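Each chain, written out:
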Amino acid sequence: MKYMLLIYGDERCWTEDERLECMLESMRISDELQQQGKLISSDPLHSVTTATSLRIRNGHKQVTDGPFAETTEQLGGYYLIDVDNLDEAIAIAARLPPAKKGTIEIRPLFPKPQVGAEGLTDQTAESTA
């Protein structure tokens, strides 16, 4: 089962030393998960100040600087993992340093339908069987 762990936190809550230690510990966890065949991808994101948001309204493109919502916590990074179940995803998320100061949102990935000669086929039943 594939899960995305979305890392949320207040960008201003880390000192430079804490940010470095968080990054190093997160990289150690990533390396461990990679060796176990459970990590698909993980990366930190640039500051929310570099974000660009896009909306299409009434057929018109609206592009604005900044994140899509005003919040105290910003999306700061992600892990894409492939594990046996939600309990294992929760256990991994609990080890991530940002969980101590922010929030780790755990979301299962929705399986994409397969496209074949007959058109779209739903693989959800097969992938959960």
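Residues numbered from 1 in each chain as written. Predicted model: local features only at pLDDT ≥ 70, side-chain atom pairs only at ≥ 80, totals over all residues. Heavy atoms only, no water.

Below, the discussion takes up the overall build of the protein chain. Summing up its helical and strand segments, the protein chain has three helices and eight strands in all. Ordered by position from N to C terminus, the α and β elements of the protein chain give β-α-β-β-β-β-α-β-β-β-α. Taking all 129 residues of the protein chain together, the buried fraction comes to 23%. Partitioning the intrachain contacts of the protein chain with sequence separation of at least 6 by distance along the chain shows that 70% fall at a separation of at least 24. Carbon and sulfur atoms form 55% of the exposed surface of the protein chain, whose accessible area is close to 9200 Å². (Helix = DSSP H or I, 4+ residues; strand = E, 2+ residues; numbered from the N terminus. Buried < 20%, exposed > 50% of the residue type's maximum accessible area, 1.4 Å probe, protein only. Contact = heavy atoms within 4.5 Å. Areas by Shrake-Rupley, 256 points an atom, 1.4 Å probe, with all protein chains shown as cover.)

Attention shifts here to helix H2 (residues 86-95). Every buried residue belonging to H2 is among Glu88, Ala89, Ile92 and Ala93, and all of these are buried. Mapping the buried residues of H2 onto a view down its axis gives an arc of 135 degrees, with all of them on the same face. Opposite the buried face of H2, by more than 90 degrees, sit the exposed residues Asp87 and Ala94. Against strand S1 (2-9), helix H1 (16-35), strand S5 (74-82) and strand S6 (103-108) lie the buried residues of H2. The residue sitting at the N-terminus of H2 and contributing the capping side-chain oxygen is asparagine 85; that oxygen lies 3.1 Å from the backbone nitrogen of aspartate 87. (Arc of directions from axis to C-beta. Polar contact = N/O pair within 3.5 Å; in protein donor to acceptor, adjacent residues only side chain to side chain.)

It is worth spelling out the nonpolar core at this point. Leu5, Leu33, Tyr79, Ile81 and Leu96 are the most contacted members of the largest nonpolar core, which has 14 residues in total. If you list the elements that add at least two residues to this core, you get S1, H1, S5 and H2. Those residues in contact with leucine 96, other than ones at most four positions away along the chain, are Leu5, Ile7, Ile29, Tyr79 and Ile104. (Core = buried A, V, L, I, M, F, W, Y, C linked by side-chain atoms within 4.5 Å.)

Per the counting criterion, the structure on display carries eight salt bridges. The closest approach of N and O atoms between arginine 19 and glutamate 16, which form a salt bridge, is 3.9 Å. Of this pair, arginine 19 and glutamate 16 both sit in helix H1, three residues apart, which is roughly one turn of that helix. Linking lysine 38 and glutamate 88 is a salt bridge whose minimum nitrogen-to-oxygen distance equals 2.3 Å. Separated by 50 residues along the polypeptide, lysine 38 in the loop between H1 and strand S2 (39-44) and glutamate 88 in helix H2 bring together distant segments of the chain. Note on lysine 38: relative accessible area 23%, which makes it partly exposed. (Salt bridge = Lys/Arg side-chain N within 4 Å of Asp/Glu carboxyl O.)

Any link to function would need more than the numbers given here.
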